[in-house]
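Each chain is listed here by its residues.
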Amino acid sequence: LLPLALAPTSSSSSSSSSSAAASPGGCPSACYCVATPELVQCRYEKLEEPPKELPATVHNLSIVGSNLSVLRRAAFASQPLPDLRLLRLRHDNIHGVEELALQGLPSLNTLDLSHNPLLWVAAGAFSDVPRLRTLQLNQALLASPQALQEQLALALTNLTLRRLELSGNALQTLPLSLLTPGLEELDLRNNSLQRLTEVELLGLETPGLRGLRLSLGNNPLSCDCSLRPFLAWLRSWGSRVTDGRGLRCHGPAPHRGAVLLRLRPDGLGCSSSDGGEPGRLETASYVFFSIVLALIGLVFLMVLYLNRRGIKRWLHNLREACRDQMEGYHYRYEQDADPRCASAAGTP
């Protein structure tokens, strides 16, 4: 983007405004042109709709600090703008984007809607801009992030984006639905990401996203056991994270501020309350329980050893009692089997 030029003096401003009113296609009265009519800036003029008297040769148009509210259908099509490549609409209080809002901008390459409280985006909002390659939505999804992601996924269906900026949107998960095939750069800085899950990492390996590079700085990464898949992926594919060497842990306390790539996977533990795999606390609990069981078994063996004589005597008495009982059964069996006893019992 070209650097901002100083606004013209009052005399030159009035002359340019009058000339704009006199000659169609000149610099709009609510804006000013920098160097040439190819760069038009409308800053903090509280416009409620885009200016209509734009130069036909404009390349870069910046409207900042206005109150556009809704980008209507064909909002910039009052006259042909075949050469407009960059459209910056920051801080314009835009809540919604209608169908075909960018109609009449066939060369548009970059659209910046950052710092607007977006609430809804029509499915065909970005139709009729086949050359759109960069979409900037920094701090634009805060009002309704989940609903907006679903709407944006439909709006981006037929686009071939190369760069998507989503920084400062308090995102807690990777917005896979917004990653169109062929995307090369994704800016996710200053969000609320604690990790990238295994499902999200698998999504990054789909054929259309294997060349995607991420920016993940200033996210509250939680360096517990659930971060291990992302850490392993980062070690293998570090070149795909542009600021990967500078990523640091936000928590827990033992790792706060630590450089992510300097951590060992086996050093990332978590408790059962985290819902992850058993970590150091659970392992310590299992070890303690095993030690307690071993002590109980040892005490039992010691009791048996100290009472070995009494136990031996009890076993001897038990054996003798069983022998006497068996001898009694044997004697009765022999008496019943003796034929003399049987014949004596049968004589009257």
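Quick caveat: nothing in here was measured; it's all calculated off a predicted structure.

## Notes on the overall build of the protein chain
Broken down by element type, the protein chain carries seven helices and 14 strands. Looking at the protein chain as a whole, 37% of its 348 residues are labelled buried. Nonlocal contacts in the protein chain, meaning residues at least 24 apart in sequence, comprise 61% of its contacts between residues at least 6 apart. When the accessible surface of the protein chain is summed, it comes to about 19900 Å², and 57% of that surface belongs to carbon and sulfur atoms.

## A short note on the sheet that holds strand S3 (residues 60–64)
Remark on secondary structure: sheet strands pair via backbone hydrogen bonds, oriented parallel or antiparallel. With mixed pairing, nine strands are arranged side by side in an open sheet as S1-S2-S3-S5-S7-S9-S10-S11-S12. Only two strands of the sheet have a single neighbouring strand rather than two, namely strand S1 (32–33) and strand S12 (213–215).

## Focus: the UniProt feature "transmembrane region" (unreviewed entry) in the protein chain
This chain's UniProt record puts "transmembrane region" (unreviewed entry) on residues 286–306. Annotation note: span residues 286–306, helix share 100%, strand share 0%, distance between end C-alpha atoms 31 Å.

## Comments concerning the environment of Ala-30
Its location among the elements puts Ala-30 in the loop between helix H1 (10–22) and S1. Residue classification places Ala-30 among the partly exposed residues on the basis of a relative accessible area of 22%. The sequence separation of Ala-30 and Lys-46 amounts to 16 residues, and the corresponding C-alpha distance is 9.2 Å.

## Here we look at the sheet that holds strand S6 (residues 96–97)
Strand order across the open sheet formed by three strands is S4-S6-S8, with parallel pairing between neighbours. Among the strands making up the open sheet, the edge pair consists of strand S4 (70–71) and strand S8 (120–121). Where S6 lies against S8, two bridges are found, and the strand directions are parallel. By the bridge assignment, Gly-96 is partnered in S8 with Trp-120.

## Topic: the confidence of the model for the protein chain
Averaged over every residue, the pLDDT of the protein chain is 83; the share at 70 or more is 82%. The low-confidence segment residues 1–24, where pLDDT is below 50, has 14 contacts with residues more than four positions distant or belonging to other chains.

Conventions used here
Residues numbered from 1 in each chain as written. Predicted model: local features only at pLDDT ≥ 70, side-chain atom pairs only at ≥ 80, totals over all residues. Heavy atoms only, no water. Helix = DSSP H or I, 4+ residues; strand = E, 2+ residues; numbered from the N terminus. Buried < 20%, exposed > 50% of the residue type's maximum accessible area, 1.4 Å probe, protein only. Contact = heavy atoms within 4.5 Å. Areas by Shrake-Rupley, 256 points an atom, 1.4 Å probe, with all protein chains shown as cover. Pairing = 2+ DSSP bridges. UniProt positions renumbered as here; feature names shortened; annotations may be inferred. pLDDT = per-residue confidence, 0-100.

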